[in-house]
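Structural overview
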Amino acid sequence: MNNNIDTLKKKILYRSNYRGTKEMDNLIGSFVNSILEELDLENLELLNEFIEIDDDNLLKFYRNLDTEIEFKKNVITQKFKNFKLKAK
């Protein structure tokens, strides 16, 4: 079981830091790093689904703009909404 969790965490970390643009790498990567260790398997699976959403919709959702998709209300989307990106 722990091996599955570790593998999933590695997959999530990689995907969150290599999105295609530096801005989204920074936003999603920082968000994931801030919550990854506190999540159980169920929430890790939700996070894995969440980071597969395209960058445009994620950024619009983060900025409280209209999105092309409907975001599910769950612990991950709530944490993302409340996440504050720290300036580097």
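Rules and cut-offs
Residues numbered from 1 in each chain as written. Predicted model: local features only at pLDDT ≥ 70, side-chain atom pairs only at ≥ 80, totals over all residues. Heavy atoms only, no water. Phe/Tyr/Trp six-rings, centres within 6.5 Å; stacked < 30°, edge-to-face > 60°. Lys NZ or Arg CZ within 6 Å of the ring centre and 35° of its normal. Helix = DSSP H or I, 4+ residues; strand = E, 2+ residues; numbered from the N terminus. Buried < 20%, exposed > 50% of the residue type's maximum accessible area, 1.4 Å probe, protein only. Polar contact = N/O pair within 3.5 Å; in protein donor to acceptor, adjacent residues only side chain to side chain. Salt bridge = Lys/Arg side-chain N within 4 Å of Asp/Glu carboxyl O. Core = buried A, V, L, I, M, F, W, Y, C linked by side-chain atoms within 4.5 Å. Contact = heavy atoms within 4.5 Å.

Attention now goes to the packing of aromatic side chains. Across all of its chains, the model carries 9 aromatic pairs by this definition. Three or more aromatic residues joined by ring pairs make a cluster, and in this case those are Phe31, Phe50, Phe61, Tyr62, Phe71, Phe80 and Phe83. Lysine 81 extends its terminal NZ or CZ atom over the ring of phenylalanine 61, reaching a point 4.3 Å from the ring centre.

If you trace the backbone, serine 16 turns up in helix H1 (residues 2-17). Residue serine 16 is classed as buried on the basis of its relative accessible area, which comes to 0%. For serine 16, the side chain forms a polar contact with the main-chain oxygen of leucine 13, separated by 3.0 Å.

Looking now at the pattern of salt bridges. Taken as a whole, this structure holds 6 salt bridges when the rule is applied. One salt bridge in this structure joins glutamate 37 and lysine 9, with 3.1 Å as the shortest N-O distance. Placement of the pair is glutamate 37 in the loop between helix H2 (22-35) and helix H3 (41-50) and lysine 9 in helix H1, with a sequence separation of 28 residues. The exposure class assigned to glutamate 37 is exposed, which follows from its relative accessible area of 62%.

With that settled, the discussion passes to unusual backbone geometry. Unlike most non-glycine residues, asparagine 64 shows phi in positive territory, near 60°. Considering the arrangement of structural elements, one finds asparagine 64 in the loop between helix H4 (55-62) and helix H5 (75-82). By relative accessible area, asparagine 64 is classed as exposed at 58%.

What follows deals with the nonpolar core. Nonpolar side chains in soluble globular proteins tend to be buried together. Membership of the largest hydrophobic core comes to 22 residues, with the highest contact counts inside it found for Ile12, Ile28, Phe31, Val32, Leu47 and Phe50. Sorting the residues of this core by element identifies H1, H2, H3, H4 and H5 as the ones contributing at least two each. Among residues more than four places away in sequence, those in contact with phenylalanine 50 are Phe31, Leu58, Phe71, Ile76, Thr77 and Phe80.

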